[in-house]
Each structure stands twice: as C-alpha cells, then as structure tokens.
Amino acid sequence: MAIDKATVAKIARLARVRVGDAEMTSLAGELSKILTFIEQLDEVDAAGVEPMTSVVQMGLRRRPDGVTDGDKRDDVLKNAPDAMAGFFTVPKVVE
Amino acid sequence: MELNDLTIAEMQDGLRARKFSATELAKAALAAADRAKVMNIFITETHERTLAMAAESDQRFAKGMARPLDGVPVAMKDLFCTKGVRTTAASHILDAFVPTYESTVSANLWRDGAVLLGKTNLDEFAMGSSNETSFFGPVENPWRKLGDARSRVPGGSSGGSAAVVAARIAPGATGTDTGGSIRQPAAFCGIAGIKPTYGRCSRWGIVAFASSLDQAGPMARTVRDCAILLQSMAGYDAKDSTSADLPVPDFATAITGDIRGLKIGIPTEYRVDGMPAEIAAVWDRGAQWLRDAGAEVRPVHLPMTKYALPTYYIVAPAEASSNLARYDGVRFGLRVPGTGDLTGMYEATRGEGFGKEVRRRILIGTYVLSAGYYDAYYLKAQRVRSLIARDFQKAFEQVDALLTPTAPSEAFARGEKSGDPISMYLNDVFTVPASLAGIPGMSVPAGLSGNGLPLGLQVLGRAYDEETVFRVAGVLEQAAAFAAKPEPWWVKP
C-alpha cells in the first residue's frame, strides 16, 4: 500500500514524534516500500491459525501477593529531566 | 602469548594457577582498548570500575574464595542497565541516563566475579544490522577486505561487542538478539555468539526493543567461552515473568566433540535466490564436516521461511512503538520543550531524541497497530508467526539441529546499504525465523571469504536445547579450525 504525506503526518502525530516537512516526503516513500514488503503476507492463508502470543507455553510461577519493593522516590526521580519537590513536572496542562 | 589473546577458559586456568592476576588482565584489556579507539567500540569507558572490580577479584583469589568468572573482563552492550554507569542504548534520548539499578544478566556476571570492561556501541535501540544507526557514530569492523582500506561494518546491532572480541580487547562480551543482533555481527567479525532460547536469560534491566523477541546472549572467540558466559548469564528471574522457570544445564560439558548419530537438517528454503557462491560453499563444507564427524545430514523443509522477514517487520516495530512510548521527556531521558505545551514537548523530545531508523520503526509500528489496520497487519503477522514456529517444530520431529549460513554475505562496506531499509533488513533473512520461533541459534566462524573476510555458520536447535546447539557448534568449530585474526591496522607503530 502506498502511504502519502498526510498519512505520515497522521501516524507521526499518533506516535508523538515530530517529523520535519522534508523528511515527511522521504518517509512516505520508505514506509510505502516497507509496507509493500510486509504485504507479502497476503499470500498466506492463516485463517483459523491461533495468533502466537507467547514463544513458549509455560505456567507462571506464583508468589505471595505482598509488597517486595518500594521507598525509592529519589531513585525514581534521579533521571527525570526536571524533577521538583519530589515530583515529576510537565508543561502546564490546565489554564 | 599476549594476555589479550587468551580465551576465557585459558584466563580462568591462568588465574587459578596464579600465572597472572586479574589486575594484569584488566590492565592489558584497558591498554588494548586505548589503542583501538579509532574503531569507536565503546560508548562509555569504565577504567576505574574495571580496575576496582579486578582488584576485588584478586582479593578473592588471595583468600581462596574465587568465583567462576573471577578476573575475566567482559564488555557489556550498552543496552544492559548498569547501576551508576551511563546506559544509552546508543540513543540521544538516553545519552545522559544513569540507571539506579543493575540488569539481571549483568548482576549475574558480577555475582560470578566477571570484571566490567566498558559499555559497547550498538545500533540505536538495537535497531539495525550494521551499527550505523548509533547516535555515537558507527563502529568499525577490525576486519578489512584484502587490499582495501575502507571501513567495513561489524554487523549489528551488537556491533561493538563483536568488534571488541574480534580485536582481542575483551575475551567476551554480552549481546542481545531480537532478529539476529548477536549472530550476524558474530559472523561478520569472525567470532562465536549464541542467542539462547527466548526466556533463558532474564530481560529485566535490558532496554526493551521488541519484548517477545529480545534475548540476551554471550559473544566470545570460542564455543566453550560462550558456554561459560551463558552459564552465568542464564537463569530464572522473578523480575521477568517470561524468563524460563527451568534449571540451567551445564553448557560447557555439552561440548563433547561427539555428534555420531545426531540428525542434522539442511533447510532447503534457505538456499535463497542469488545466494553468493561463497556462502553456499561454506554451507556445503559445514554439512560435510558434520557428516565426517558421524552425523546424519538430510534436507528438511521450512516452507514459511520467505514470510519470516515480513512477519518480523510487523511484529518488531509494533512492539517497539509500544515499548518506546515510555520516552516522554517526563520521567527520564532527554526533554526538549518544543512549543511549550505537553503534546508539543512530547513531539519535540521524541522527534529530536530518536534517530532516523528508530523514528521509521516507531511509525511503522504505530501504523500497523492503528485502528482499522490491527487485524490486517498485526494479528495476521501473529498468525503467520505461529505457522513459522510450527515449521520448526515439525522439522525437529525429524532432526536434532539445523545448519544454515548465518548471514547472506560477508561484512559490507560502511554506507553500502544504509540508503535502502529493505536491503538492510535482508541481512537478517537467516536469523529472523529462529527469533520468531524463540529457538536457540549460534553462529560459529567457518572460514574466510576470497576477500579475506570471515563467514559464519548457524546452528539452530529445539527450544531449551542449547546443549545440542553447543555440541554441534563445537564440532563445526573444531573442523573449521578458524585461526585467522584481523591485521591490527589500528595499532600505530
């Protein structure tokens, strides 16, 4: 399937990735090529086949439902680009 | 013999016999790293920590309390979180990230006494087959084509780890493999590397790319060294519910040299159109080596092979777009204010923080998961993935292991394929099917091409049967007797 510039802009918006105008054009071409490549799967009849959701079927080990970790506020905030007073910060979202 | 030429097994023997110390090994490795800077192997060097860890190993040797890997330098792919040591995933978005925790795989290595030798370069977020997508610049392959001084790619994504071992800086390194990222660079750099069964190693603390495919594994110069490292890296981890709740077998003792009576399959569909004659020849030679060693070699069919790459390029970007949603400029990593509002900040941060290939894959992933397309692309790919896994299951009813080439070519020149994503993706044509099926695969150096560049053979085995993979790989290694070394052009006289 061919992807046009408007579609690239739409998915870039969905993915929250800013893409420059010039790159939008080249991406439309590249993504179209990749999708055409992917669409080889149209040849395969996979009706009724269970989708593979895990590589190896295996029961999960159970454990008591207890708190095993925590009290790491400073660790959690350590790599935040703009932490303040023990909180993450974001640009103003309400007026 | 130079200390840097020793294998891990030889280092262990020498350390135990007190022929040299862990500190001497560490210093030799650091000196070799300093001489090889031009190859851009390391993103972050850890000289002080390397020497401190080596000193601790020496103290344990002095007290007679040495651990299995004490004193062995191991370079870590910069995708494994290391507490207090910057971990970047070769991305601008994480270029100042210093984890406050340690990945389970690296913690297991340190528990057994291994010495950290720096964080190695890779393709950004492990997305690439040539190490050219790194924010920190490409890695150079220690090998060069005869009579040609142009840079060759080391393969990817674990390109720095492959180069560090091939250049005899470290005897071993960690890698991760999502679609071939351990095996293909191992082949391009003339070393050994194994992607174990999905779940054999914990993924906890590894920067995620595609969670149903990502798997850690060792890279080293010999099959035995890979077995030694995997022994420490593997094991159940309560922090990764997809890690295998199974005992870890003794991998090194599986390398018996005896494959008499073993059945080895040659997948007919892997003989792809346009396969270079040299690749076909090394594959045939490998099959003959196994026959000579007493194995029964026979053709098998994996009819879904041609659909593995298209399946992979739906599943992996879909999972990546979902995993990489966490880079939002709020909790960790880069923040770029953009237009000033929240959405503008997200878009600016991610637009600037991710490189071209990563953006491309996020967009593909977002597209195939978006409303109206999910069933046609993602669900379809998951169904085909089941069929690919079933192919392998059927093959393993007839044979014990499979033999294939690792990559469709020798290491290519830098820039040769970076213009065309599809031709780059085709590099992984022989490695991706096993990734989708979750089964173990190992690349072993099998010889040199006419251009003087290494070629690798791949052994695939049943899920959780790394032992047979090691056994077959050991026989190939012995028959190939690969002793070639890259000319150390990077060492100035």
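Our subject is the structure that appears above.
Fair warning: this is a prediction, and the values are worked out from it, not measured in the lab.

Q: Explain the pattern of salt bridges to me, please; I cannot follow it from the model alone.
A: A side chain with one charge may pair with a side chain of the opposite charge, provided their charged atoms come close. With the rule as written, the count across this model stands at 31 salt bridges over all chains. Between R13 of chain A and E347 of chain B there is a salt bridge, with its nearest N and O atoms 2.9 Å apart. With R13 of chain A in helix α1 (residues 5-14) and E347 of chain B in helix α10 (residues 342-353), this pair bridges two chains. Residue E347 of chain B is classed as buried on the basis of its relative accessible area of 13%. The shortest N-O distance in the salt bridge between R144 of chain B and E140 of chain B comes to 2.9 Å. A residue is classified by how much of its surface remains accessible, and E140 of chain B, at 6% relative accessible area, is buried.

Q: I tried to follow empty space enclosed by the protein on my own but got confused; where do I start?
A: One simple way to see leftover space: roll a probe sized like a water molecule over the atoms. All names here are of chain B. Tallied over the entire structure, the rule returns 3 cavities of 30 Å³ or more. Approximately 60 Å³ is the volume attributed to the largest cavity. Surrounding the largest cavity, 13 residues form its lining, G128, S129, S181, Y312 and D428 being those nearest its centre. Classifying every residue of the lining of the largest cavity by side-chain character gives 5 nonpolar, 6 polar and 2 charged.

Q: What is the right way to look at helix α11 (residues 356-369) of chain B in this model?
A: Between the first and last C-alpha of α11 of chain B there are 20 Å, a value that for 14 residues agrees with the 20 Å anticipated at 1.5 Å per step. Across the 14 residues of α11 of chain B, 12 count as buried, placing the element largely inside the fold. Along α11 of chain B, the residues that are buried comprise E357, V358, R359, R360, R361, I362, L363, I364, G365, T366, Y367 and V368 of chain B. Those residues of α11 of chain B that are buried lie in contact with α1 and α2 (21-38) of chain A together with α9 (308-323), α10, α12 (375-398) and α13 (421-425) of chain B.

Q: Explanation requested: the interface of chain B and chain A in the structure shown.
A: Interfaces are often described in size by the accessible area the parts lose on coming together. With 68 residues of chain B at the contact, the number on the chain A side is 53 residues. Summed over both sides, the interface of chain B with chain A buries roughly 5,300 Å², with 67% coming from carbon and sulfur. Three residues, E347, L363 and Y367 of chain B, lead the burial of chain B against chain A; their summed loss comes to 13% of the area buried on that side. At the surface where chain B touches chain A, the tally comes to 7 salt bridges. Only α9, α10, α11, α12, α13 and α14 (432-437) of chain B provide two or more residues apiece to the side of chain B that touches chain A. If one sorts the elements of the side of chain B that touches chain A by residue count, α12 of chain B sits on top with 12 residues. Its residues assigned to classes, the side of chain B that touches chain A comprises 38 nonpolar, 14 polar and 16 charged.

Q: Hey, could you run me through the packing of helix α4 (residues 104-111) of chain B against helix α7 (residues 223-233) of chain B in this one?
A: Helix packing for two helices is described by the angle between their axes and how far apart those axes are. All names here are of chain B. Contact geometry of α4 with α7 gives a least axis separation of 8 Å together with a crossing angle of 110°. Viewed along their axes, α4 and α7 adopt a mutual orientation that is roughly perpendicular. Across the interface between the two elements, V105, N108, L109 and R111 from α4 touch L229, S232 and M233 from α7. Broken down by class, the residue content of the contact of α4 with α7 amounts to 4 nonpolar, 2 polar and 1 charged.

Q: What's the story with the layout of surface pockets in this structure? I'm lost.
A: All names here are of chain B. Volume-wise, the second largest pocket comes out at about 590 Å³. Lining the second largest pocket are 27 residues; nearest its centre among them are V272, D273, P408, L426 and V429. Grouping the constituent residues of the lining of the second largest pocket by class yields 13 nonpolar, 6 polar and 8 charged.

Q: When you look at the packing of aromatic side chains in this model, what are you seeing that I'm missing?
A: Remark: the centre distance and the inter-plane angle together describe each pair of aromatic rings, the angle taken between the planes. All names here are of chain B. Scanning the model with the defined rule gives 19 aromatic pairs over all chains in all. Relative to Y377, the ring of Y373 has its centre 6.0 Å away and its plane inclined at 35°; by these criteria the two rings are tilted. What makes Y373 partly exposed here is its relative accessible area of 27%. The class of Y377 is buried, set by a relative accessible area of 6%. Taken together, the ring pairs connect F97, F125, Y327, F332 and F354 into an aromatic cluster. A cation over a ring is seen here: K417 above F412, with NZ or CZ 5.1 Å from the ring centre.

Q: Help me out: how do you make sense of a nonpolar patch on the surface in this one?
A: Taken together, the side chains of V90, V93 and V94 of chain A present a nonpolar region at the surface, about 270 Å² in accessible area. Inspection of the secondary structure puts V93 of chain A in the segment after α3 (73-77).

Q: Even after reading the chapter, I still don't get the nonpolar core, so can you show me in this structure?
A: One broad trend across soluble globular proteins is that nonpolar side chains are buried collectively. All names here are of chain B. Counting residues in hydrophobic clusters, the biggest one holds 162 residues, and the most contacted among them are F125, L290, F392, L403, M442 and F470. It is α12 that provides the largest number of residues to this core, a total of 10 residues. Among the nonpolar cores identified, the runner-up in size contains 28 residues, and A29, A32, V139 and L453 belong to it.

Q: When you look at the environment of T100 of chain B in this model, what are you seeing that I'm missing?
A: If you trace the backbone, T100 of chain B turns up in the loop between β2 (73-77) and α4. With 19 residues separating them along the chain, T100 of chain B and C81 of chain B place their C-alpha atoms 8.5 Å apart. Among residues more than four places away in sequence, those in contact with T100 of chain B are D75 and K78 of chain A together with K83 of chain B.

Q: Help me understand the pairing of strand β3 (residues 115-120) of chain B in this model?
A: Along any regular strand the residues' side chains alternate between the sheet's two faces. Residue and element names in this part refer to chain B. The buried count for β3 comes to 6 of 6 residues, which makes it a mostly enclosed element. The pairing of strand β1 (residues 42-44) with β3 spans 2 bridges and is antiparallel. The residue bridging T44 from the neighbouring strand is K119, located in β3. Examined bridge by bridge, β2 and β3 share 4 bridges and lie parallel to one another. Residue K77 lies in a different strand from β3, and its bridge partner there is T120. Regarding the hand of the β-α-β motif, the stretch spanning β2, α4 and β3 is right-handed.

Q: Help me understand the pairing of strand β6 (residues 215-220) of chain B, please; the structure alone is not making it clear to me.
A: Residue and element names in this part refer to chain B. When you tally the buried positions in β6, you get 6 out of 6 residues, the bulk of the element. Residues Q215, G217 and M219 line one face of β6 and the alternating positions A216, P218 and A220 line the opposite face, and both faces are buried. In this sheet, β6 lies alongside strand β4 (residues 172-177) in antiparallel orientation, the contact comprising 6 bridges. By the bridge assignment, A173 is partnered in β6 with M219. Alignment of strand β5 (residues 192-195) against β6, held across 2 bridges, turns out to be antiparallel. Bridge pairing links A192 to A220 in β6.

The rules behind the values
Residue numbers restart at each chain and count upward from 1, following the sequence in its written direction. All chains are assigned letters beginning at A, and all ligands numbers beginning at 1, according to the order in which they are written. Given that this is a predicted model, residues contribute local features only at a pLDDT of at least 70 and side-chain atom pairs are listed and counted only at 80 or more, while totals for whole chains, interfaces and linings are drawn from all residues. Values reported for side chains reflect all heavy atoms of the structure, with hydrogen atoms and water molecules removed beforehand. For this document, the term salt bridge refers to a Lys or Arg side-chain nitrogen within 4 Å of an Asp or Glu carboxyl oxygen. Working definition: helices are DSSP H or I runs of at least four residues, strands are E runs of at least two. Numbering for both runs from the N terminus. Think of it in three bands: residues with accessible area under 20% of the maximum for their type are buried, residues over 50% are exposed, and the middle band is partly exposed, with areas taken using a 1.4 Å probe on protein chains only. Method remark: on a 1 Å grid restricted to protein atoms, a set of points is classed as a cavity if a 1.4 Å probe fits but cannot get out and as a pocket if it is open with protein on both sides within 12 Å along at least five of seven lines; lining residues have an atom within 4 Å of a point. Grid points are joined across faces, edges and corners, and a volume is the space filled by probe spheres set on the points. Residue classes follow a fixed rule: Ala, Val, Leu, Ile, Met, Phe, Trp, Tyr, Cys and Pro count as nonpolar, while Asp, Glu, Lys and Arg count as charged, and any other residue, Gly among them, counts as polar. Here the expected length of a helix is defined as 1.5 Å per residue gap, with one fewer gap than residues. What makes two residues a contact is simply this: any of their non-hydrogen atoms within 4.5 Å. The quantity reported as buried area is the accessible area (1.4 Å probe) lost by two parts once they are put together, taken as the sum for both. Throughout, an axis means a line fitted to C-alpha atoms (over the contacting stretch in the case of helices), and angles, computed between N-to-C directions, take values from 0 to 180 degrees. Reported orientations rely on four angle classes, namely roughly parallel under 35 degrees, roughly antiparallel over 145, roughly perpendicular from 65 to 115, and oblique for the rest. Working definition: a ring pair exists when centres of Phe, Tyr or Trp rings (six-membered ring for Trp) sit within 6.5 Å. Plane angles under 30 degrees give stacked, over 60 give edge-to-face, the rest tilted. Counting as a charge over the ring demands two things of the Lys NZ or Arg CZ atom: a distance within 6 Å of the ring centre and an angle within 35 degrees of the ring normal. Residues qualify for a patch when their relative accessible area is over 30% and they have no salt bridge, like charges being joined within 9 Å and the nonpolar side chains of Val, Leu, Ile, Met, Phe, Trp and Tyr within 5 Å. Using a 1.4 Å probe, accessible areas were evaluated by the Shrake-Rupley method; residue-level cover was limited to the displayed protein chains. What makes a nonpolar core is a set of buried Ala, Val, Leu, Ile, Met, Phe, Trp, Tyr and Cys residues whose side-chain atoms join them at distances within 4.5 Å. The pairing criterion is simple: DSSP has to find at least two bridges between the two strands. Looking down the strands as they point away from you, a crossover is right-handed if its path from the first strand over the helix to the second goes clockwise.

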